[in-house]
Amino acid sequence: MTAEVTGLRADARRNRDQIVAAAKQWFAVQGPDVPMEEIARAAGVGVGTLYRRFPDREALIRAVVRESLTISVAEARAALAEEPTAWQALVRVLRQSRELRLIVRLTTAAQPAKTIVKDDEESSELRRAMIEVLDNVVHAAQAEGTLRTDVDTGDVSMLFTLLVRPVPLLDEETAELAQERCTALVLDGLRAHTGTPLPGRPLTAADVGL
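Quick caveat: nothing in here was measured; it's all calculated off a predicted structure.

Here is what the cut-offs are and how they apply
- Residues numbered from 1 in each chain as written.
- Predicted model: local features only at pLDDT ≥ 70, side-chain atom pairs only at ≥ 80, totals over all residues.
- Heavy atoms only, no water.
- Salt bridge = Lys/Arg side-chain N within 4 Å of Asp/Glu carboxyl O.
- Helix = DSSP H or I, 4+ residues; strand = E, 2+ residues; numbered from the N terminus.
- pLDDT = per-residue confidence, 0-100.

Quick notes on the pattern of salt bridges
Logical step 1: All told, the structure shown has 10 salt bridges when counted by the stated rule.
Logical step 2: Here Arg66 ties to Glu122 by a salt bridge, and the two come within 3.5 Å at their closest N and O atoms. On the criterion of sequence distance, the pair formed by Arg66 in helix α5 (residues 57-82) and Glu122 in helix α9 (residues 121-143) is long-range, its members being 56 residues apart.
Logical step 3: A salt bridge links Arg128 to Glu125; the nearest nitrogen and oxygen atoms lie 2.8 Å apart. Taken together, the residues Arg128 and Glu125, both in helix α9 and 3 residues apart, mark about one turn of the helix.
Logical step 4: Salt bridges linked by common partners bring Lys24, Glu67 and Glu99 together as one network.

Put into structure tokens, the structure is as follows:
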């Protein structure tokens, strides 16, 4: 948690946390261009309070990105530490991280969020930490013989990015089912000793700009 947050009074921190939580919910559904008034209403605060905490949309996006990345890194580390195999840790990361899904949706659909992740030092550091953990999970799964060896972290990242993109023209229930089924198919394709040999070479994190 940053000094900016820890230095707030209890009521101010509560307001801030409510605003960030509301923004995350709205961003996940409608993207980062949702009206600030809607976020304030969902957070149960006035628009003036929102702007005192976050003077502009970029400041709010930055807070959401930082918090979601922090949680994503913690979740991935916990998965690697707690699951009995690296494969199960990989499955847990790909299936369960709503925070990581939000980050991917923001950074693939909105230029401001892309710029924030690239230019904000804290976000960049958290992003590097997330890539390092995912890299460890991928290589540990390959070492234990559960993940096919002709892939690398870049391949896994690209598959995850494709999986979490919003599906147009589908109702929420059908979209969720489609995503679950596609995730199962992707995981099946990632298992060792299955599938058709892939063309070219494995994609690293650096290959896909991570």
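That shown, we press on.
A short note on the confidence of the model for the protein
In low-pLDDT regions, the fine details of the predicted coordinates are not to be read closely.
Logical step 1: Looking at the protein as a whole, the pLDDT averages 86, with 92% of positions reaching at least 70.
Logical step 2: Within the protein, helix α3 (residues 36-43) carries the highest mean pLDDT (94), whereas helix α1 (residues 3-6) carries the lowest (51).

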